[in-house]
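# Residue-level structure breakdown
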Amino acid sequence: MALIITNVRLVHTNHLWRLECSAGRVSSVQCLAGEDHGPADIDAQGSLILPSLCHSHIHLDKCFILDRCQLVTGDFSEAMQVTNQAKASFEPEDLYQRGYKLIRDSLECGVTSMRAHVEIDTTVQLSCLHVGLKLCNVFRDICDIQTFLLILILNGPAFAQEPLFDAPNTSEPGMNYTLLVQAAETEGVQVVGSAPYVEPTAAQAKTNIALVLRLALKLGCHVDFHLDYNLDPGSEPLIFAVIAQAKMNSWPSELKITIGHATRMQLFTPSQWSDLVAAIGQLPIVFVGLPQSDMYMLGRKDADAVLGPPRSTLRIPYIANKYNIHMAMSVNNVQNAFTPQGSVDPLSLCTLGVALFQSATPKDLATLLRSVTLTSKQAIAQKEVHEDLCVTVNDPADFVILHGTHNLVSAVLCPTYDRTTIRAGVVVAKRHATKWFADTNAEDSEVAAVDRE
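Residues numbered from 1 in each chain as written. Predicted model: local features only at pLDDT ≥ 70, side-chain atom pairs only at ≥ 80, totals over all residues. Heavy atoms only, no water.

## A few points about the nonpolar core
In this structure, Leu102, Ile259, Leu276 and Phe287 are the most contacted members of the largest nonpolar core, which totals 118 residues. With seven residues, helix 5 (residues 202-219) is the single largest residue contributor to this core. The residues touching isoleucine 259, leaving out its near neighbours within four places in the chain, are Phe225, Leu227, Ile239, Val242, Ile285, Val286, Phe287 and Val288. (Core = buried A, V, L, I, M, F, W, Y, C linked by side-chain atoms within 4.5 Å. Buried < 20%, exposed > 50% of the residue type's maximum accessible area, 1.4 Å probe, protein only. Helix = DSSP H or I, 4+ residues; strand = E, 2+ residues; numbered from the N terminus. Contact = heavy atoms within 4.5 Å.)

## Concerning helix 6 (residues 239-248)
Three or more residues of helix 6 are buried, namely Ile239, Ala241, Val242, Ile243, Gln245 and Ala246. Against the buried residues of helix 6 lie helix 5, strand 10 (222-227), strand 11 (257-261), helix 7 (270-280) and strand 12 (285-289).

## Observations regarding the pattern of salt bridges
In total, this model carries 13 salt bridges according to the counting rule given. Between lysine 87 and glutamate 119 there is a salt bridge; the shortest N-O distance is 2.6 Å. Remark: glutamate 119 occurs in strand 7 (residues 111-119) and lysine 87 occurs in helix 1 (residues 76-87); sequence separation between them is 32 residues. Note on accessibility: lysine 87 and glutamate 119 belong to one class, buried. Taking the shortest distance from any N to any O, the salt bridge between lysine 206 and glutamate 236 comes out at 2.9 Å. Here glutamate 236 lies in the loop between strand 10 and helix 6 and lysine 206 lies in helix 5, a separation of 30 residues in the sequence. According to the relative accessible area criterion, glutamate 236 is partly exposed, its value standing at 44%. What you see here is one network of salt bridges that share partners, running through Lys62, Lys87, Glu119 and Asp121. (Salt bridge = Lys/Arg side-chain N within 4 Å of Asp/Glu carboxyl O.)

## Observations regarding empty space enclosed by the protein
A full pass over the atoms with the stated rule returns two cavities of 30 Å³ or more. A volume near 40 Å³ is recorded for the second largest cavity. Forming the walls of the second largest cavity are Leu60, Asp61, Leu95, Gly99, Val118, Cys128, Val131, Gly132 and Leu135. Elements with a minimum of two residues in the lining of the second largest cavity: helix 2 (92-109) and helix 3 (127-138). (1 Å grid on protein atoms, 1.4 Å probe; cavity = no way out; pocket = protein on both sides within 12 Å on 5 of 7 lines; lining within 4 Å. Points joined across faces, edges and corners; volume = space filled by probe spheres on them.)

## Concerning unusual backbone geometry
A positive phi is found at glutamine 358, a non-glycine position, where the angle reads about 55°. Structurally, glutamine 358 is set in the loop between helix 10 (346-356) and helix 11 (362-371). In the Ramachandran plot, alanine 381 falls in the positive-phi region, its phi being about 60° despite a non-glycine side chain. Position of alanine 381 relative to the elements: it lies in the loop between helix 12 (374-379) and strand 14 (399-402).

## Focus: the packing of helix 4 (residues 175-184) against helix 5
Orientation of helix 4 relative to helix 5, taken along the N-to-C sense of each, is 20°, at an axis distance of 11 Å. Of the possible angle classes, the one that applies to helix 4 and helix 5 is roughly parallel. At the point where helix 4 passes helix 5, the crossing takes the right-handed sense. Contacts from Tyr177, Leu180, Val181 and Ala184 of helix 4 reach helix 5 at Leu211, Val212, Leu215 and Leu219. When the residues that make up the contact of helix 4 with helix 5 are grouped by side-chain class, the tally is eight nonpolar, no polar and no charged. (Axes fitted to C-alpha atoms, helices over the stretch in contact; angles between N-to-C directions. Parallel < 35°, antiparallel > 145°, perpendicular 65-115°, else oblique. Left-handed = near helix turned anticlockwise from the far one by under 90°. Nonpolar A, V, L, I, M, F, W, Y, C, P; charged D, E, K, R; others polar.)

## Examining the side chain of glutamine 245
Mapped onto the elements of the fold, glutamine 245 is located in helix 6. Residue classification places glutamine 245 among the buried residues on the basis of a relative accessible area of 17%. Among all residues touching glutamine 245, those that are not within four sequence positions of it are Ile209, Ala210 and Leu213.

## A short note on the confidence of the model for the protein
Here the protein averages 88 in pLDDT, while 92% of its residues score no lower than 70. The low-confidence segment residues 150-161 (pLDDT under 50) makes 57 contacts with residues lying over four places distant or belonging to another chain. The low-confidence segment residues 445-453 (pLDDT under 50) makes 23 contacts with residues lying over four places distant or belonging to another chain. (pLDDT = per-residue confidence, 0-100.)

## Looking at the pairing of strand 9 (residues 189-194)
Summarising burial for strand 9: five of the six residues are buried, a large majority. With four bridges connecting them, strand 9 and strand 10 associate as parallel partners. Across the sheet, the residue bridging to glycine 193 is aspartate 224, located in strand 10. Crossover strand 9 to strand 10 through helix 5 is right-handed. (Pairing = 2+ DSSP bridges. Right-handed = clockwise from strand over helix to strand, strands pointing away.)

## Regarding the environment of isoleucine 5
With respect to the secondary-structure elements, isoleucine 5 resides in strand 1 (residues 3-9). The exposure class of isoleucine 5 is buried, given its relative accessible area of 0%. Measuring from C-alpha to C-alpha, the distance between isoleucine 5 and aspartate 41 comes to 6.0 Å, with 36 residues separating the pair along the chain. Other than its neighbours up to four places away in sequence, isoleucine 5 contacts Trp17, Arg18, Leu19, Ile42, Ala44, Ile49, Ile401 and Ile422.

## Some points on the packing of helix 2 against helix 3
Interhelical geometry of helix 2 versus helix 3 gives an angle of 45° and a closest axis separation of 10 Å. Put simply, helix 2 runs oblique to helix 3. Once helix 2 is placed against helix 3, the crossing between them reads as right-handed. Between helix 2, through Pro92, Leu95, Tyr96, Gly99, Tyr100 and Ile103, and helix 3, the contact on the second element is made entirely by Ser127, Cys128, Val131, Lys134, Leu135 and Val138. Here the contact of helix 2 with helix 3 is composed, by residue class, of nine nonpolar, two polar and one charged.

## Digging into the side chain of asparagine 208
Residue position: asparagine 208 is located in helix 5. On the basis of relative accessible area, asparagine 208 is assigned to the buried category, the value being 1%. Apart from residues lying up to four places away in sequence, asparagine 208 is in contact with Leu164, Phe165, Ser194, Ala195, Pro196, Glu199 and Phe225.

## A word on the packing of aromatic side chains
By the definition in use, this model includes eight aromatic pairs. With a centroid separation of 5.3 Å and 65° between ring planes, the pair formed by phenylalanine 76 and phenylalanine 338 is classed as edge-to-face. Here the residue phenylalanine 76 occupies a position in helix 1, and phenylalanine 338 occupies one in the loop between strand 13 (327-329) and helix 10, the gap between them amounting to 262 residues. Grouping residues by exposure puts phenylalanine 76 and phenylalanine 338 together as buried. With centroids separated by 6.4 Å and ring planes inclined at 75°, the aromatic side chains of tyrosine 197 and tyrosine 229 adopt a geometry described as edge-to-face. (Phe/Tyr/Trp six-rings, centres within 6.5 Å; stacked < 30°, edge-to-face > 60°.)

If you want it as structure tokens, here you go:
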């Protein structure tokens with residue numbers, strides 16, 4: 001079944017276009033040039049069309065629980081504690097309803113693919129995984145959802161997540177690793193990962209990395225590490241341990257290694273960045289910045305400093321443009337103790353990034369937009385990805401139409417609420433705002449309704 005979109009505006013063009021989609025791909029792109037090319041399924045009325053958005057890093061099971069978490073200090077230790085308390089009462093129906101809302105709200109924003117993190121630990125066992133796989137099946141035809149396993153949160157020290165090793169003097173991984181293996185072997189699981197920096201010792205952190213990489217290689221899974229989540233110049237960057245282990249295992253190019261957070265890299269000197277680029281070489285490594293979480297959580301030890309606590313997140317446009325390193329950006333958490341603020345909309349990260357990275361040049365705006373579309377899809381090893389932001393023939397027919405937005409600059413600086421989401425050439429979601437205002441011309445001061453159909 002074909003889908004025809006007319007009067008649509010493409011990135012970097014000044015004309016209106018007519019798109020035809022069939023068999024899940026773009027089959028025709030025609031410049032209208034004032035000509036009438038017949039009926040269409042969607043009249044975009046001059047609105048911008050973009051490749052659909054992607055959550056390259058989002059937590060499916062602990063979203064929308066802020067109302068269950070009373071914050072006093074707001075720090076990581078407290079977030080761990082209150083989230084543990086909330087997790088102890090997680091029930092399948094509760095997990096399903098919150099996960100369903102996150103996916104539905106994401107679709108309305110223009111998201112058609114995501115890597116959904118679910119937690120595997122001795123508190124929740126495999127319950128989050130089972131609900132995550134159920135949601136994957138429910139949304140299978142309208143959203144590509146990868147189920148990702150992450151060891152997270154029990155009762156650890158401040159700024160720590162649950163380790164695979166139970167104590168500093170143990171040489172064998174404990175029950176958390178056993179659960180991780182069991183979950184990774186479950187049908188439907190495509191990604192496996194951990195948070196190596198939480199281990200009791202640096203040596204165990206490196207063993208954590210080795211264990212996860214070997215497990216992923218054995219099962220043919222992609223890997224996703226929460227890594228180097230600190231701003232401590234005295235800590236050893238574990239990214240080089242990941243690279244060394246990947247090379248030792250002759251890592252195949254088809255299995256992606258995704259690194260989330262990596263805030264420690266912000267302390268690198270130019271020579272260290274150059275060393276990192278050389279070390280990565282041809283390895284399929286992509287970094288994902290998580291600015292909403294990073295900026296909220298980091299630097300609290302220096303909260304009384306005159307200039308405020310030092311905070312940072314991966315500097316997406318600068319790093320991508322200067323060092324040609326693949327940089328994605330993602331939402332991470334939604335309305336919980338780790339990230340109370342922000343929405344599920346990936347485009348909101350671009351708007352935040354303009355101020356955060358002091359990036360408003362056309363080149364930087366395009367890089368920000370790619371980070372939540374093309375590069376995010378590359379980060380989760382999505383097979384079908386657009387060549388660039390401008391739609392061309394043979395691209396996958398996965399789009400978001402930003403109604404009332406006419407150019408890339410507006411899409412980043414002030415993204416519109418009204419959107420249409422298209423996946424594989426099928427409209428899967430629409431979001432429409434009805435507005436009203438007092439009609440100042442009305443003699444009796446009537447309130448006039450405005451419906452932007």
